[in-house]
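Commentary on secondary and tertiary structure
Below are the chains, spelled out letter by letter.
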Amino acid sequence: MASVRLEHVYKKFGNVEAVSDVNLDVSDQEFLILLGPSGCGKTTTLRMVAGLEELTEGSIYIGEREVSQVAPKDRDIAMVFQNYALYPHMTVYENMAFGLKLRKVPRAEIERRVKEAAEILGLGSLLTRKPKELSGGQRQRVALGRAIVREPKAFLMDEPLSNLDAKLRTQTRVELKRLHQRLGATILYVTHDQTEAMTMGDRIVVMSQGIVQQVDTPENIYNRPANQYVATFVGTPAMNLMKGEIEQSGSEVKFTTYAQTITLTDPVRAGTKSLSGRGLTIGARPEDVHLEPEFVERHPDQVLKATVRVIEPMGHENMVYLAIGDDTVIARTSNDWHGQLGDTVSCALDGNRIHGFDPESGNSIG
């Protein structure tokens, strides 16, 4: 396997800049996720690494070799697509072996690699079947097997699970993670599914409009988002955001929204000095908005009054949609919380987990 490095990579389609100044270092054997909505530039970035799209500007290295001008077939990478791209007239064995035959790999070596990959993926009993005789999950494993037998320096995967149903997607996600651990593979993986990103990646690259917003571990992406975009894109439901004004009162910093005031605690408080007179946007994850009377009583300085608008029972928990002025705030509660629609309730924010954002740039201040 090998590392992958992108230096100041740009891609333009006419006057449209699809990818802007991307700089990434993918370590050898790392599982790196490119995450973002449709049109954010993640697939274009992956295709440039594969050589399927030309760079407008910048350099790409696989290992220590610059491959910006190297043909795709000579980059020593393997790509897995969302549509499997299997040959319908070939058996599973023939699909997996086809690329090796084109490269004139000896027959005995082809057989060794195919059988080894089939064992890893649980395809040993399916080698004589054709794609039409396979389930969606089995077809995806064949596509993975075809990539594995290549023994490439890096695997590039473009939303490979998107055509699977929810249950099979979860199962295959676990299999992919095990496969990565077993092979010690370098993997660049594109997805718009944050669950895939959070559960599979060693690190996540969050992209928006062709620009990298944050590169970090799943834990840091969730708990320490670099800006409002990352904060609201990652997490289900999304992070709650509230705009308001700040006021210094002695050693305390007060935040007021819709005529209600709470006291800010570190680390947000420490970053508010430069925002005096400009306002502040605070963010709180749904699990950090508390309706339990015990929590509310212990944190009177972080309490806001709200009206219950919607209650979504989720079995083991409830999602409670609250109105605070014109803002909607979602609280994640236990299933034994029994409020009613239209109730006025006290909700307390966990002061140690409030996020602060510059209202103009959207960047985190905490």
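Treat the numbers as computed from the prediction; the structure is a model and nothing was measured.

Time to look at the overall build of the protein chain. Check the secondary structure of the protein chain and you find nine helices and 20 strands. Seen through its C-alpha atoms, the protein chain measures out along the principal axes to roughly 80 × 45 × 35 Å. The buried share of the protein chain, reckoned over its 366 residues, is 52%. Expressed as a percentage of contacts within the protein chain between residues at least 6 apart in sequence, the contacts between residues at least 24 apart total 65%. If you sum the accessible surface of the protein chain, you get close to 17300 Å²; carbon and sulfur atoms cover 46% of it. Charged side chains of the protein chain number 42 positive and 48 negative; the gap between the two group centres comes to 10 Å.

Moving on to the pattern of salt bridges. Evaluated as defined, the whole model comprises 17 salt bridges. Linking Glu-53 and Arg-47 is a salt bridge whose minimum nitrogen-to-oxygen distance equals 3.5 Å. According to the relative accessible area criterion, Arg-47 is partly exposed, its value standing at 27%. Here Arg-112 ties to Glu-116 by a salt bridge, and the two come within 3.4 Å at their closest N and O atoms.

This next bit is on the sheet that holds strand β16 (residues 303-313). Read across the open sheet, the five strands follow the order β15-β19-β16-β17-β18; overall the sheet is antiparallel. The outermost strands of the open sheet, each flanked by one partner alone, are β15 (289-290) and β18 (327-334). Of the strand pairs in this sheet, β15 and strand β19 (residues 344-349) are connected by two bridges, and their pairing is antiparallel. Bridging from a neighbouring strand, Val-289 pairs with Leu-349 of β19.

Cut-offs and rules
- Residues numbered from 1 in each chain as written.
- Predicted model: local features only at pLDDT ≥ 70, side-chain atom pairs only at ≥ 80, totals over all residues.
- Heavy atoms only, no water.
- Helix = DSSP H or I, 4+ residues; strand = E, 2+ residues; numbered from the N terminus.
- Buried < 20%, exposed > 50% of the residue type's maximum accessible area, 1.4 Å probe, protein only.
- Contact = heavy atoms within 4.5 Å.
- Areas by Shrake-Rupley, 256 points an atom, 1.4 Å probe, with all protein chains shown as cover.
- Lys, Arg positive; Asp, Glu negative; His and termini not counted.
- Charge placed at Lys NZ, Arg CZ, Asp CG, Glu CD.
- Salt bridge = Lys/Arg side-chain N within 4 Å of Asp/Glu carboxyl O.
- Pairing = 2+ DSSP bridges.

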